[in-house]
Amino acid sequence: MRNSKKALVLIGFVLVFCLGNFLMNLALVEPSYMGINYRVLKEEGPFDILLFGTSHGQSGIVPEKLEQETGMKTMNLCVAGEYAKDSYYMLRHALKYQKPKAIYYELDFTYWLTKPNYQSNTLLREMPWSWNTVQYFFDKMGDQDFRAVFFPWMYTRDVIKNMPVLKNYVYLKIQKAYREKKPESLYAKGAYDNGYIRGGTVPNDQKASYSPHQWNAEYKKMEKHIKEMRSYLKKMIDLCREKGIPFTIFVTPIPEETFRSDAANQKAVDEYFKKLAGEYGVPYYNLNYLRRDLISLSGSEFQDWEGHLGGLAPKFSTLLGKMIREQMAGTWRESDYLDTGKYDA
Amino acid sequence: MSFVSTNFLVFLLIAVTGYYLIPKKCQWIWLLLFSYVFYLSAGVQILGYLLFATLVTYGAGVWIEKTDKKKLVMLAAVLLDFGMLAYVKYFNFAVDNLNALLGIQIAERNLLLPLGISFYTFQSIGYVIDVYRGKFAAEKNPFRFALFVSFFPQLLQGPIGRFDRLAGQLYAEHTFSFQRIERGLQRMLWGFFKKMILADRLAVTVEILFRNYTMFSGLLNVMAVLCYSIQLYADFSGGMDVVIGAAEMFGVQMDENFKRPYFARSISEFWHRWHITLGTWMKDYIFYPLSLSRGMKKFEKFAKKKVGKKVGRILPVCIANIVIFLVVGIWHGPAWKYICYGLFNGIIIAFSNLMAPVYKKGLNAFHIPVQSWWWKGFQMLRTFVLVNISWFFDMGTDVKAAFTMMRTTFQNVSLQPFRDVTMQNIGFSGEDFFVVLFGCLVVLTVSILQERGVKIREALSERNWFLRWVAYGLLLLALPLLGETGPIGGFIYAQF
């Protein structure tokens, strides 16, 4: 076969394959809210407070409530599957469009004892292209199985067995609102608020059982991963320091029942991160020690035993907003809000 | 840099593109550069070992040609290279055993096992011995020699190359050929198919069954070893396909390391089909020197006097085989189970050598048609069973676990675990079963065709281009559609 014909065959193959792959992604990959987050970050605001973190923050911090207390426009960029590496690149992306007055980082220690799964790749996939995205791509996807890059639908291929879900995915994605990355494409009114995604309260007897990861027992096995998390957290702090933006680490509360039954482990985790924050020179607040006269942390208020705040989110966010306001005004007193050590077993 | 990672594919793309764009006389330099970049991606601290092996064997090669003390120089180089390997790989094992034996307390050391050290050390030692034997002239250019040692596709898991076969290709000037790229990618795709659809699908189940062997018995142990059989072959040969395919894109034809090993009709034949380059290395550099040595000749004379001519002539061969496989076992790792693995193979081969005349008489006495399909089938099955027994040592946690698993295979023999939640608990679903079955059928079909002398790739290239590219597309589609989606482990043999 002549070379020109061979080249045409190759190009044809690549085009057909890309088209097929595009259709598979359209049908099998779950519609994502990350595109909405990135659009809001770019086009709305300006945001004075940016939050980064995990699913606990995503379902637990209502920007509207924070804004009511602080008077500062807030965007919640806490996302399920957001590891420190993701937060770092998201922060770099965010700083291209926003000049925040403060960054708050919601820390969930379980992310330090588990590695990211495929869902975490959505944070990269939905990020608009830029040099930052290219760096993020190689840093995040470089060591991953090449199929994660070329065939992201692989992880949700079982959707092919569920036609109603598949049809819904396609339907949602071809809607104008989704292509324009509007919240109403995926959420009912009020269920999305600048990154916050509302979760419900689940009765205790319907909550799935939960066994927390054990810090001391699993630390050695995950040492390399923990080292990486530390390095990206440090990069975030250094970047903020360079830009003159105050950076604070905090831990959202988990159900009291979970906390007490896991007291020794929670204490070990708290001591580790308190020390780490000290080393990095940033404030650290473990809100599991919130005074119980200010807020009840009974499990019945939460979405699950793990610590997603669910129906407690608005009240918690109001309290968090007060704390942030006072912290930024320099009038913060720890004893006004926290009873550290009181709730240890 | 794992072969299944995005980084590796990007790296390979840049390497191949640049290779054909730069002036041809600089191609080997480009390869050397990329080989070192590849190795450095694993960490600067392990580069020292590669450089050590390279410099020692290069220096020894050049010196051997200049000195009268050729044997001394060769032995010194061999000792230094082996010494380095022995130190990083076996120091702690030796210390543990000495401490246990003598009741002393020598401290272990925190030693990092450099990637690919077993492979490039053996490759380097082979070179030095060949120069000493006068098989070829030593390479005078240290950078060219460095390329031979560090050529990146083969660095992590072989095949163990020979200088006279590789050098000409590595340093040659290659013109771009679409066919070469296509064939290389084709081979890599086949390797990924075996790795992702077979090896990684079975990895979790194998791990659970072997690590928790006290909880399982009967047919589950059979399942464990059969699954490992498939996993190990698919992983190792799949890795070789990726290596050979990547090398092919640069116009370098590496030695094959597998030839349908499970079609072997004896353990001896198995080792001519499995990890071929390790086997030939052992044969050329240990077996022949040992069996033709003066000591062995003396022993042969002694043995002939004691046990008769026929047996006396075979005994040195038996001993040499046991020694080789002891070394093979040790090569696999610092653990008694690997030594048992090696000895198991060595003893069977030695026994077969010894009993060969008896077998022949028996076959004649019973008029067994040795060329019949059923007799060949029986031999293959027998060999497969013996190989699977050896896998108990290879994959078992230790020697005790291996023997326990073998023993408990005959306890609680029942089909019940295949009907209840046990399959779910060991991570083996119905989907896994069908995908693995499909994968095995594809690999078996290809293997049978190859065994019958059909050159699959040539046959494919003769096909209509449309059919060929549809085949590639289906193979590529199979990777995400049927492949394991959990975290993909590295290739098993990269740990050696």
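Residues numbered from 1 in each chain as written. Chains lettered and ligands numbered in written order. Predicted model: local features only at pLDDT ≥ 70, side-chain atom pairs only at ≥ 80, totals over all residues. Heavy atoms only, no water.

A.B. asks: Pulling in residues and values, what's your account of the overall build of chain A?
C.D. replies: The number of helices and strands found in chain A is 16 helices and 7 strands. Here the C-alpha atoms of chain A give a radius of gyration of 21 Å, agreeing with the 20 Å that 2.2 N^0.38 yields for 345 residues. Principal axes of the C-alpha set define a box for chain A whose edges measure 80 × 45 × 45 Å. For chain A, with 345 residues in total, the buried portion stands at 54%. Across chain A, every contact between residues at least 6 apart in sequence was considered, and the portion connecting residues at least 24 apart equals 82%. For chain A, the exposed surface amounts to about 15900 Å²; the carbon and sulfur share of it is 55%. Considering chain A, the positive charge centre built from 47 side chains and the negative charge centre built from 40 side chains are found 8 Å apart. (Helix = DSSP H or I, 4+ residues; strand = E, 2+ residues; numbered from the N terminus. Rg over C-alpha atoms; globule rule 2.2 N^0.38 Å. Buried < 20%, exposed > 50% of the residue type's maximum accessible area, 1.4 Å probe, protein only. Contact = heavy atoms within 4.5 Å. Areas by Shrake-Rupley, 256 points an atom, 1.4 Å probe, with all protein chains shown as cover. Lys, Arg positive; Asp, Glu negative; His and termini not counted. Charge placed at Lys NZ, Arg CZ, Asp CG, Glu CD.)

A.B. asks: Could you give an account of the side chain of Glu248(B), naming the residues involved and the relevant values?
C.D. replies: Residues and elements named next belong to chain B. Turning to its location among the elements, Glu 248 is positioned in helix α10 (residues 219–248). Exposure remark for Glu 248: the relative accessible area of 4% places this residue in the buried category. Only 3.5 Å separates the side chain of Glu 248 from the side chain of Arg 183, close enough to count as a polar contact. In this structure Glu 248 touches Arg 180, Arg 183, Gly 184, Arg 187, Gln 253 and Arg 457, once residues within four positions along its chain are discounted. (Polar contact = N/O pair within 3.5 Å; in protein donor to acceptor, adjacent residues only side chain to side chain.)

A.B. asks: Tell me what's going on with the packing of aromatic side chains, and back it up with residues and numbers.
C.D. replies: The description of two aromatic rings rests on the distance between their centres and on the angle between their planes. Per the stated rule, a full pass over the model turns up 85 aromatic pairs over all chains. With centroids separated by 5.1 Å and ring planes inclined at 85°, the aromatic side chains of Phe137(A) and Phe138(A) adopt a geometry described as edge-to-face. We classify Phe137(A) as buried; its relative accessible area is 19%. One Lys or Arg, Lys89(B), reaches over the ring of Trp331(B) and ends 5.3 Å from the middle of that ring. (Phe/Tyr/Trp six-rings, centres within 6.5 Å; stacked < 30°, edge-to-face > 60°. Lys NZ or Arg CZ within 6 Å of the ring centre and 35° of its normal.)

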